[in-house]
Amino acid sequence: MSDQSAQTPDHLFDDAWKSMNEELSGESDRAAAIVGCALLDERLAELLADFLVQNADGRSDLLSSEDANAPLGSFASRIVAAYAVGLIDKAERDALRKLKKIRNLFAHKLGLSFTEQAIVAHCAEAQKLCPTTNYTGAERGPRELFQHTVAFLAGKIAERRYWRRITVPGTLNIADL
């Protein structure tokens, strides 16, 4: 992707949407669910890192997904924190939680597909929370709803990172104090 500072929020949203859909297309249902949520988890970590004081050690201590003791090291904790500090809204939080449930179902049980009733229901609920436009007019299946919701949320997070950077001139760096 090109330099984000030179892009508009619309371009960032479109780029995130396109890259998410490209990443998930052609994957198995299980891989799409796990990878889609892993990518959102990473995007939330980046958004939270942008919000935190620019202290690399502190951010790493909070956000490391490799440290079981990192307070913001899990997808669930990042969802909670991003909502608590106003970086995502309630509908986005709830949609992320639905997607996390889908990911967990796929991660802990082999042989599932997007046709499983519980997964179908979670996909529909997530899409209602973060609706996307259906330009084709064709009915969308649960996998497509999942992918579109993941792509939508990735785009919204990209926009939030953009606005966070331009509305908070200069970042506080503890080393400068």
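Model, not experiment: these values are computed from the prediction.

**Quick look at the overall build of the protein chain**
The secondary structure content of the protein chain amounts to 7 helices and 0 strands. Each helix and strand of the protein chain, ordered N terminal to C terminal, gives the series α-α-α-α-α-α-α. For the protein chain, the residues scored as buried account for 42% of the 177 residues in total. Element-wise, carbon and sulfur atoms account for 53% of the exposed surface of the protein chain, whose accessible area totals about 9600 Å².

**Focus: the state of the cysteines**
One pass over the structure, following the stated rule, counts 0 disulfides. Of the cysteine sulfurs around C37, a residue in no disulfide, the closest is that of C123, at 9.7 Å. Residue C37 is classed as buried on the basis of its relative accessible area, which comes to 0%.

**Observations regarding the confidence of the model for the protein chain**
Predicted coordinates in regions of low pLDDT should not be interpreted in detail. When pLDDT is averaged along the protein chain, the result is 81, and 73% of the positions lie at 70 or above. Helix α3 (residues 56-63) is the least confidently modelled element of the protein chain, averaging 65 in pLDDT, while helix α5 (residues 90-108) averages 97, the highest of any element. A low-confidence stretch, residues 1-5 (pLDDT under 50), is modelled with 8 contacts involving residues beyond four sequence positions or located in other chains. Confidence drops under a pLDDT of 50 for residues 169-177, and excluding neighbours within four residues, the segment shows 8 contacts in the predicted structure.

**Some details on the packing of aromatic side chains**
This structure, assessed with the given rule, holds 2 aromatic pairs. Here F106 and F114 contribute two aromatic rings whose centre-to-centre distance is 5.0 Å and whose plane-to-plane angle is 50°, an arrangement assigned as tilted. The residues F106 and F114 share a single accessibility class, namely buried. Linked through ring pairs, F106, F114 and F146 together constitute an aromatic cluster. Seen from the ring of Y83, R93 lies directly overhead, with NZ or CZ sitting 4.4 Å from the centre.

**Observations regarding the pattern of salt bridges**
The tally for this structure, following the rule as stated, stands at 11 salt bridges. In this structure, E46 and R43 form a salt bridge, with 3.9 Å as the shortest nitrogen-oxygen distance. Linking E46 with R43, this pair stays in helix α2 (residues 29-51), spanning 3 residues, or about one helical turn. Its salt-bridge partner being E159, residue K156 comes within 3.3 Å of it at the nearest N-O pair. Of this pair, K156 and E159 both sit in helix α7 (residues 142-167), separated by 3 residues, roughly a single helical turn. Residues joined in a network through salt bridges with shared partners are E42, R43, E46, D50 and R161.

Criteria and cut-off values
Residue positions are counted from 1 within each chain, in the order its sequence is given. Only residues with pLDDT of 70 or above have their local features reported here, since the model is predicted, and side-chain atom pairs are shown and tallied only from 80 upward, although totals for entire chains, interfaces and linings are computed over all residues. Where side-chain values are given, they derive from all heavy atoms of the structure, hydrogens and water being excluded. Counting from the N terminus, the helices are DSSP H or I runs at least four residues long and the strands are E runs at least two residues long. Three exposure classes are used, based on accessible area relative to the maximum for each residue type with a 1.4 Å probe and protein chains only: buried under 20%, partly exposed in between, and exposed over 50%. In this description, accessible areas are obtained by the Shrake-Rupley approach with a 1.4 Å probe, and a residue is regarded as covered only by the protein chains that are shown. Note on terminology: disulfide denotes any pair of cysteine sulfur atoms within 2.5 Å. Confidence of the predictor at the level of single residues is given by pLDDT, which spans 0 to 100. We call two residues in contact whenever any of their non-hydrogen atoms come within 4.5 Å of each other. Think of it this way: a Phe, Tyr or Trp ring, Trp meaning its six-membered ring, pairs with another when their centres are within 6.5 Å, and the plane angle makes it stacked under 30 degrees, edge-to-face over 60, tilted otherwise. Here, a charge over a ring means that NZ of Lys or CZ of Arg falls within 6 Å of the ring centre while also lying within 35 degrees of the ring normal. The term salt bridge refers to a pairing of a side-chain nitrogen on Lys or Arg with a carboxyl oxygen on Asp or Glu at a separation within 4 Å.

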